[in-house]
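The primary structure of each chain is shown beneath.
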Amino acid sequence: MRQVSDNRAVSALFRVFGGKDACCRAEDYEKADWCGMHRLECAVLGFLVPLTVWVAIAEGFVAGLGRGLGISLALPVAFLVLSILSLVPFVRGAQCQWRFWLGLMVAWGCFRIGGPPIVNVLAWTWLGIFALNTAALILLGFRKSMRWTGRIGNTWRVFLFVFAHAAMVSLGFHWSWHWALGGAVLMSALFCWSVLNPSCQWLGPVHLETGDDEIWITIDDGPDPDDTPVLLDLLDVHQTKAIFFMIGEKVRAYPELAREVLRRGHEIGNHTMTHPSGEFWSLGPVRTRREIVDCQEVIFETTGFRPKWFRAPVGHRNLFTHPVTGQLGMEIMGWNRRGFDAVAKSPGPVLARILPNLAKGDIVLLHEATSIAAPVLDAVLAARSKTIK
Ligand SMILES: [Zn+2]
């Protein structure tokens, strides 16, 4: 499953782009000089910091001692300067030293722009590193804030939404009202993308893959008196367990079916109380909470089971979905395979979309209460068995 990587890297940049696996593990490297740091980060900083210190010192020495002597004398002096921090009590830690050098290099870069060619290049490099790092830091902070739950999460999201629009509009007004309007349209488009694209994770994490060697079968929109019993038999035949994302109102109408799904060893997920598929993306915090909490309560009262997974109707989340699910201790599940079986007339085109390249780690989205639910599930289960063998 996709997660925010955190590898204790010195700079935020590598916490965003550096994978956990690529990180130097402390137990692998006993020496404290680079433990816990991302390999690439270590290589880049480990080369750039000494080079910059040497160039900075040499620049001063050359002016007083001449070119040859200045450059060669700067080398041992740079070595001494680089070692001196490890003797100072409070900055002995590797991370601490690296942060110090990072800060010092950026400060040096600010003052030395426009210097001799090599000085100028190094100065711009450090300012570039600083700019990228700041952007990465903002991104990390944004991702973290998208995990805030409950009322704080809601308020923060409304603030961000209003602030982003206001900022773009006021920025646009500096030039003309056309730009202001364009800014507002752009922000609205970005917002629509974040809620209408089922795999977009700007507003919080969505599980799109299983993260293991399994293929998960998920069946939405039940329980259904015609389909659920047939699908349960098919799952038994193929000895496969599935997750049924149920609609609260249907659970209330067919409580026996919901209990039967659990009795046969499958899991139930929350798919809202009324399945407001056309408007869920635009719902406010109160209605969003009601849709999710009501469904959760109906499922619990009917079956004694409290779902862990939530799936939004047609995958469209809204601004307030994550604060609610987070507060209820639930996670949001998306999918990475679907065949549009809810609107298709025959199984052929649906299977043509799902089956090619079906692989371990996939989450397959299927529906019940359709005319083709059984043949589609049968074919998918057969392909699944072959793939995970
Ligand atoms: Zn649905």
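Keep in mind that this is a model prediction, so the values were computed, not measured.

J.: An account of the packing of aromatic side chains is requested, with residue identities and associated values reported.
T.: Scanning the model with the defined rule gives eight aromatic pairs in all. Look at F280 and F310: their rings are 6.2 Å apart centre to centre, the planes differ by 40°, and that puts the pair in the tilted class. Of this pair, F280 sits in the loop between β3 (267-270) and α11 (285-303) while F310 sits in strand β4 (residues 309-310), and the two are 30 residues apart along the sequence. For F310, a relative accessible area of 0% translates into the label buried. The rings of W148, W156, F159 and F163 are connected pair by pair, giving a single aromatic cluster. The ring of F300 carries R306 above its face, with NZ or CZ at 3.8 Å from the centroid.

J.: Can you tell me about the side chain of T240, naming the residues and giving the values?
T.: Looking at where T240 falls in the secondary structure, it is placed in the loop between α8 (227-237) and β2 (242-246). One polar contact links the side chain of T240 to the main-chain carbonyl oxygen of H238, over a distance of 2.9 Å. Excluding anything up to four places from it in sequence, T240 contacts I217, L235, H266, L381 and R384.

J.: Give a description of the pattern of salt bridges that names residues and reports values.
T.: Under the definition given, this model contains 11 salt bridges. D236 is paired through a salt bridge with R264; the nearest N and O atoms lie 2.9 Å apart. Of this pair, D236 sits in helix α8 while R264 is found in the loop between α10 (255-263) and β3, placing the two residues 28 residues apart along the sequence. Assessed through its relative accessible area of 35%, D236 is described here as partly exposed. A salt bridge links R287 to E291; the shortest N-O distance between them is 3.0 Å. Here the residue R287 and the residue E291 both occupy positions in helix α11, the gap between them amounting to four residues, near one helical turn. A single network of salt bridges, built from pairs that share partners, joins D233, D236, E260, R263 and R264.

J.: Tell me what's going on with the side chain of T325, and back it up with residues and numbers.
T.: On the secondary structure map, T325 appears in helix α12 (residues 321-327). Residue class for T325 comes out buried when judged on its relative accessible area of 1%. Those residues in contact with T325 that sit more than four places away from it in its chain are I292, F310, M330 and I332.

J.: Let's hear about unusual backbone geometry: which residues, and what values?
T.: The omega angle of the peptide bond from G222 to P223 is -5°, so this bond is cis rather than trans. Take P223: it is sitting in the loop between β1 (216-222) and α8. Even without glycine at this site, Q239 takes up a positive phi of about 50°. Within the element layout of this structure, Q239 appears in the loop between α8 and β2. You can call Q239 exposed: its relative accessible area is 73%. Even without being glycine, T272 reaches a positive phi, approximately 75°. In this structure T272 comes out as buried when scored by relative accessible area, which is 0%.

J.: Tell me what's going on with the state of the cysteines, and back it up with residues and numbers.
T.: Here the structure, examined in full by the defined rule, presents zero disulfides. Of the cysteine sulfurs around C192, a residue in no disulfide, the closest is that of C200, at 11 Å. A residue is classified by how much of its surface remains accessible, and C192, at 26% relative accessible area, is partly exposed.

J.: So what about the coordination of the zinc ion? Which residues, and what values?
T.: Around the zinc ion, the donor atoms from the protein are D221 (OD), H271 (NE2) and H275 (NE2), and they sit 2.1 Å away. Along the chain, the residues donating to the zinc ion fall in the pattern D-x49-H-x3-H. Note that D221 is positioned in strand β1 and H271 in the loop between β3 and α11, a separation of 50 residues in sequence. One exposure class covers both D221 and H271, and it is buried.

J.: How would you sum up a nonpolar patch on the surface? Please name residues and give values.
T.: A contiguous nonpolar patch, built from F173, W177, L181 and V185 and spanning about 460 Å² of accessible area, is present on the exposed surface. With three residues, the top contributor of residues to the nonpolar patch is helix α7 (residues 177-196). Position of V185 among the secondary structure elements: in helix α7.

J.: Before we move on, could you go through empty space enclosed by the protein and cite the residues and values that matter?
T.: As enumerated under the stated definition, the model contains three cavities of 30 Å³ or more in all. Counted as a void, the largest cavity has a volume near 40 Å³. For the largest cavity, the full set of lining residues is P198, V206, R311, A312, G315, R317, I332, M333, G334 and W335. For the lining of the largest cavity, the class distribution of residues is six nonpolar, two polar and two charged.

J.: How would you sum up the packing of helix α2 (residues 39-65) against helix α3 (residues 67-84)? Please name residues and give values.
T.: The geometry of α2 relative to α3 is characterised by a closest axis approach of 7 Å and an angle of 135° between their N-to-C directions. As summarised for this structure, α2 and α3 are arranged oblique, according to the angle between their axes. In this structure, α2 meets α3 at a crossing whose hand is right-handed. For the pair α2 and α3, contact is made by V49, P50, V53, W54, I57, A58, F61, V62 and L65 and by R67, L69, G70, I71, L73, A74, L75, V77, A78, V81 and L82, respectively. Here the contact of α2 with α3 is built from residues that sort into 18 nonpolar, one polar and one charged.

Definitions and limits used
- Residues numbered from 1 in each chain as written.
- Predicted model: local features only at pLDDT ≥ 70, side-chain atom pairs only at ≥ 80, totals over all residues.
- Heavy atoms only, no water.
- Phe/Tyr/Trp six-rings, centres within 6.5 Å; stacked < 30°, edge-to-face > 60°.
- Helix = DSSP H or I, 4+ residues; strand = E, 2+ residues; numbered from the N terminus.
- Buried < 20%, exposed > 50% of the residue type's maximum accessible area, 1.4 Å probe, protein only.
- Lys NZ or Arg CZ within 6 Å of the ring centre and 35° of its normal.
- Polar contact = N/O pair within 3.5 Å; in protein donor to acceptor, adjacent residues only side chain to side chain.
- Contact = heavy atoms within 4.5 Å.
- Salt bridge = Lys/Arg side-chain N within 4 Å of Asp/Glu carboxyl O.
- Disulfide = S-S within 2.5 Å.
- Donors = N, O, S within 2.8 Å, 3.2 Å for Na, K, Ca; no water.
- Patch = residues over 30% accessible without salt bridge, like charges linked within 9 Å, V, L, I, M, F, W, Y side chains within 5 Å.
- Areas by Shrake-Rupley, 256 points an atom, 1.4 Å probe, with all protein chains shown as cover.
- 1 Å grid on protein atoms, 1.4 Å probe; cavity = no way out; pocket = protein on both sides within 12 Å on 5 of 7 lines; lining within 4 Å.
- Points joined across faces, edges and corners; volume = space filled by probe spheres on them.
- Nonpolar A, V, L, I, M, F, W, Y, C, P; charged D, E, K, R; others polar.
- Axes fitted to C-alpha atoms, helices over the stretch in contact; angles between N-to-C directions.
- Parallel < 35°, antiparallel > 145°, perpendicular 65-115°, else oblique.
- Left-handed = near helix turned anticlockwise from the far one by under 90°.

All we've got here are geometric facts, nothing functional implied.
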